[in-house]
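One letter stands for each residue in the lines below.
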Amino acid sequence: MDKLEELLSKRPKDIEEIALWFDELVKIVSDNINKEFSPRRLVKGNRTEEPLPTNTRQLSSFRTRIGTMLEYALSTEIDRIIREHNGEEFYFTFAVSHEYPDFYLRDNTLTSVLRIEMKAVDAESDEQAAKFGVPTLDIENENDLILLVGWKWKKILSDKIEIGEYPFIFTSLVIPAKDIVEERDKRLKLTGGKIEGRQVLVPKRGQSDVFVPDPGNYGKLWRLIHRKRRNAEGLSPAVKRFLDFLKIIDEHSPNNRFKKS
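An account of the accompanying structure is given in this report. (Residues numbered from 1 in each chain as written. Predicted model: local features only at pLDDT ≥ 70, side-chain atom pairs only at ≥ 80, totals over all residues. Heavy atoms only, no water.)

## Observations regarding the nonpolar core
- Phe 22, Ile 78, Ile 82, Leu 105, Leu 114 and Leu 145 are the most contacted members of the largest nonpolar core, which totals 39 residues.
- For this core, the secondary structure elements donating two or more residues are helix H1 (4–9), helix H2 (15–41), helix H3 (56–86), strand S2 (90–94), strand S3 (103–107), strand S4 (112–122), strand S5 (144–158) and strand S6 (161–176).
- When sequence neighbours within four positions are dropped, the list of residues in contact with Leu 105 reads Leu 4, Leu 8, Phe 22, Ile 82, Phe 90, Tyr 91, Phe 92, Thr 111, Ser 112, Val 113, Leu 114 and Ile 116.
- The next biggest cluster of nonpolar side chains, apart from the first, holds 27 residues, and it includes Ile 146, Ala 177, Val 239 and Ile 249. (Core = buried A, V, L, I, M, F, W, Y, C linked by side-chain atoms within 4.5 Å. Buried < 20%, exposed > 50% of the residue type's maximum accessible area, 1.4 Å probe, protein only. Helix = DSSP H or I, 4+ residues; strand = E, 2+ residues; numbered from the N terminus. Contact = heavy atoms within 4.5 Å.)

As structure tokens, this is what we get:
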């Protein structure tokens, strides 16, 4: 964990190598969250006593809330470990306004040296609602990472009787944002869409020469990589790892989204 300063001092930055370093760190952090934070702070009663919401809007709201709490837990633990190994050289900080990204890694002058966006994916959610729709123009290729975690409810048993459950992170991934953005925009082009500045445009139904604003599909995790490109030659290592991440999510999902998307 003490290699961070060396990685960040390289010019140009090797964002893939940095992503792999953070990927290893987040796996350690996720294990710690599963052992301590989630079973103590995010635990709830069983679904008979404390049922989960079923209304679509409420479902979205509670998943957003859990995602926010996992962001807090993961970032706090990441900062603790970085500080343990690097002293006061770096700070892993929240973005204080509601904007991209979720976190900044800052040096001891408080200058941003990395930007990290986090997406928490509930294995039970319909279409796994998380998206990465940040405009391509806003991506900094050498500085931007995406941190992904897949979570599901883990049951707590007492004398073989279920008494509660808590969110359990079963997989995680850190990759350069630029790799995903490149594939996302290739998919848009393959489906007839285009980008003008920060606006994403798609063909109007039945009128391929008429373009309208994207209705919200751009950036959905399951649509980031076009089906025809999943086994394409030349996929970056990061994109291959992202596809493996989706497959793992799908193994824990009742919706079989990877095959349907």
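## Let's talk about the packing of aromatic side chains
- Going through the model one piece at a time under the given rule, you end up with nine aromatic pairs.
- With centroids separated by 6.2 Å and ring planes inclined at 65°, the aromatic side chains of Tyr 100 and Phe 132 adopt a geometry described as edge-to-face. Note that Tyr 100 is positioned in the loop between S2 and S3 and Phe 132 in the loop between S4 and S5, a separation of 32 residues in sequence.
- Tyr 100 gets classed as buried once you look at its relative accessible area, which sits at 17%.
- Ring plane angle 85° and centroid distance 5.5 Å describe the contact between Trp 151 and Trp 153, whose orientation is recorded as edge-to-face. The pair Trp 151 / Trp 153 is uniform in exposure class, with both members buried.
- Connected via pairs of aromatic rings, a cluster forms that spans Trp 21, Phe 22, Phe 37, Tyr 72, Phe 92, Phe 94 and Phe 103. (Phe/Tyr/Trp six-rings, centres within 6.5 Å; stacked < 30°, edge-to-face > 60°.)

## Considering the sheet that holds strand S9 (residues 207–213)
- The three strands are arranged S7-S8-S9 in an open sheet whose pairing can be described as antiparallel. Every other strand in the sheet has two partners, leaving strand S7 (194–196) and S9 as the edge strands with one partner each. Across this sheet, the average inter-strand angle for adjacent strands is 40°, counted without regard to direction.
- Of the strand pairs in this sheet, strand S8 (residues 199–204) and S9 are connected by four bridges, and their pairing is antiparallel. When the bridges of S9 are listed, Lys 204 appears paired with Gln 207. (Pairing = 2+ DSSP bridges. Axes fitted to C-alpha atoms, helices over the stretch in contact; angles between N-to-C directions.)

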